[in-house]
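So the chains spell out like this:
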Amino acid sequence: MEFVLKDGRIVEIRPLQPTDDVFDLCRFINELIEEKSYIAMNEKITPESEAKWLENQIDKMRHDELIDFRAFLDGRCVGGAEARRGKWKERDNVELGIALSKEVRGQGLGRKLLMELIKEVKKKWKPKHIYLSVTEGNEPAKKLYEGLGFKEFARFPEWVNHYGVYKDRIWMEFAIQKNF
Ligand SMILES: CC(C)(COP(=O)(O)OP(=O)(O)OC[C@H]1O[C@@H](n2cnc3c(N)ncnc32)[C@H](O)[C@@H]1OP(=O)(O)O)[C@@H](O)C(=O)NCCC(=O)NCCS
């Protein structure tokens, strides 16, 4: 699927594939780490570990445990949004996560990716709960989630060591009945 950014650039949105370029995926995640963004990871990845990660993601997708949508600009990965299904007694709960490269932020892509992901999650899994977490201070992410209909339901105080500062981890749930 094609998506037109606010500035007119065209991004391709599609599921992660086994043939995707490990070096490019590695570059994408390492840029987010270098930038000290609010993603959970804070240690750079090697192409070897990224290759293992890719294999694992594909395996989970095949076993219906994961949906991973990617955004590409001129063939380079500039975004990823994933939905992970819980295990065993938590199988009906789905956790989401999203990250975009700096160059495509504020262009409506985060909103689009999450909307597409939620549509797919509802269609495939008909979950009881759709939820995510955000680190206190990550205002763009919090605003995006609130705008889509996520509401805070729990807060782990001073849970995340964000480059030397302890910040709350805020849990938010999607109002399932909301349709796009
Ligand atoms: C958080 C993130 C996914 C948002 O995606 P995005 O494509 O930039 O957001 P969108 O352009 O779709 O904007 C959607 C809404 O989010 C909010 N938003 C986006 N950027 C914002 C900013 N810089 N400041 C405040 N609110 C912002 C707005 O409410 C916006 O709605 P509007 O366009 O009607 O004003 C993106 O900034 C990102 O990947 N950041 C780095 C990694 C990260 O923090 N991931 C989330 C971890 S929980």
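Whatever comes next refers back to the structure up there.
What you see is a predicted model, and the numbers here were worked out from it, not measured in a lab.

1. Some points on the overall build of the chain
Check the secondary structure of the chain and you find 4 helices and 8 strands. Counted from the first residue to the last, the chain has its helices and strands arranged as β-β-α-α-β-β-β-α-β-α-β-β. Taken over C-alpha atoms, the radius of gyration comes to 16 Å for the chain, in line with the 16 Å a tight globule of 180 residues would show. Looking at the chain as a whole, 44% of its 180 residues are labelled buried. If you take every contact in the chain between residues at least 6 apart in sequence, the share linking residues at least 24 apart comes to 61%. The averaged location of the 32 negative side-chain charges in the chain is 5 Å from the averaged location of its 33 positive side-chain charges.

2. A few points about the packing of aromatic side chains
A complete count under the given rule lists 5 aromatic pairs for this structure. Plain terms: the ring middles of F156 and W159 are 4.7 Å apart, the flat faces sit at 55° to each other, and that makes the pair tilted. Cluster of aromatic residues (ring-pair linked, three or more members): Y131, F156, W159 and W171.

3. Focus: the pairing of strand 2 (residues 10–15)
For strand 1 (residues 2–4) and strand 2, the ladder comprises 3 bridges, and the chain directions are antiparallel. Paired with V4 across the strands is I10, a residue of strand 2. The sheet contact formed by strand 2 and strand 3 (residues 66–73) spans 4 bridges and is antiparallel. The residue bridging R14 from the neighbouring strand is R70, located in strand 3.

4. Regarding the site of the ligand
Close to the ligand lie 20 residues, the nearest being L100, G106, G108, G110 and N138. Measuring from an oxygen atom of the ligand, one finds a backbone N or O atom of L100 at 2.6 Å. Within the contact set of the ligand, a nitrogen atom lies 3.5 Å away from a side-chain nitrogen or oxygen of R105. The element best represented in the shell around the ligand is helix 4 (residues 139–148), accounting for 5 residues. Looking at side-chain class alone, the shell around the ligand contains 10 nonpolar, 6 polar and 4 charged residues.

5. Description of the pattern of salt bridges
Close approach of charged atoms allows side chains with opposite charge to pair. Counted by the stated rule, this structure contains 19 salt bridges. K124 is the partner of D64 in a salt bridge, and the nearest nitrogen-oxygen pair spans 3.5 Å. On the criterion of sequence distance, the pair formed by D64 in the loop between helix 2 (47–62) and strand 3 and K124 in helix 3 (residues 109–125) is long-range, its members being 60 residues apart. On the accessibility criterion, D64 (27% relative accessible area) is partly exposed. Among the ionic contacts, a cluster of salt bridges with common partners joins E12, R14 and D20.

Rules behind the numbers
- Residues numbered from 1 in each chain as written.
- Predicted model: local features only at pLDDT ≥ 70, side-chain atom pairs only at ≥ 80, totals over all residues.
- Heavy atoms only, no water.
- Helix = DSSP H or I, 4+ residues; strand = E, 2+ residues; numbered from the N terminus.
- Rg over C-alpha atoms; globule rule 2.2 N^0.38 Å.
- Buried < 20%, exposed > 50% of the residue type's maximum accessible area, 1.4 Å probe, protein only.
- Contact = heavy atoms within 4.5 Å.
- Lys, Arg positive; Asp, Glu negative; His and termini not counted.
- Charge placed at Lys NZ, Arg CZ, Asp CG, Glu CD.
- Phe/Tyr/Trp six-rings, centres within 6.5 Å; stacked < 30°, edge-to-face > 60°.
- Pairing = 2+ DSSP bridges.
- Near = heavy atom within 4 Å.
- Polar contact = N/O pair within 3.5 Å; in protein donor to acceptor, adjacent residues only side chain to side chain.
- Nonpolar A, V, L, I, M, F, W, Y, C, P; charged D, E, K, R; others polar.
- Salt bridge = Lys/Arg side-chain N within 4 Å of Asp/Glu carboxyl O.

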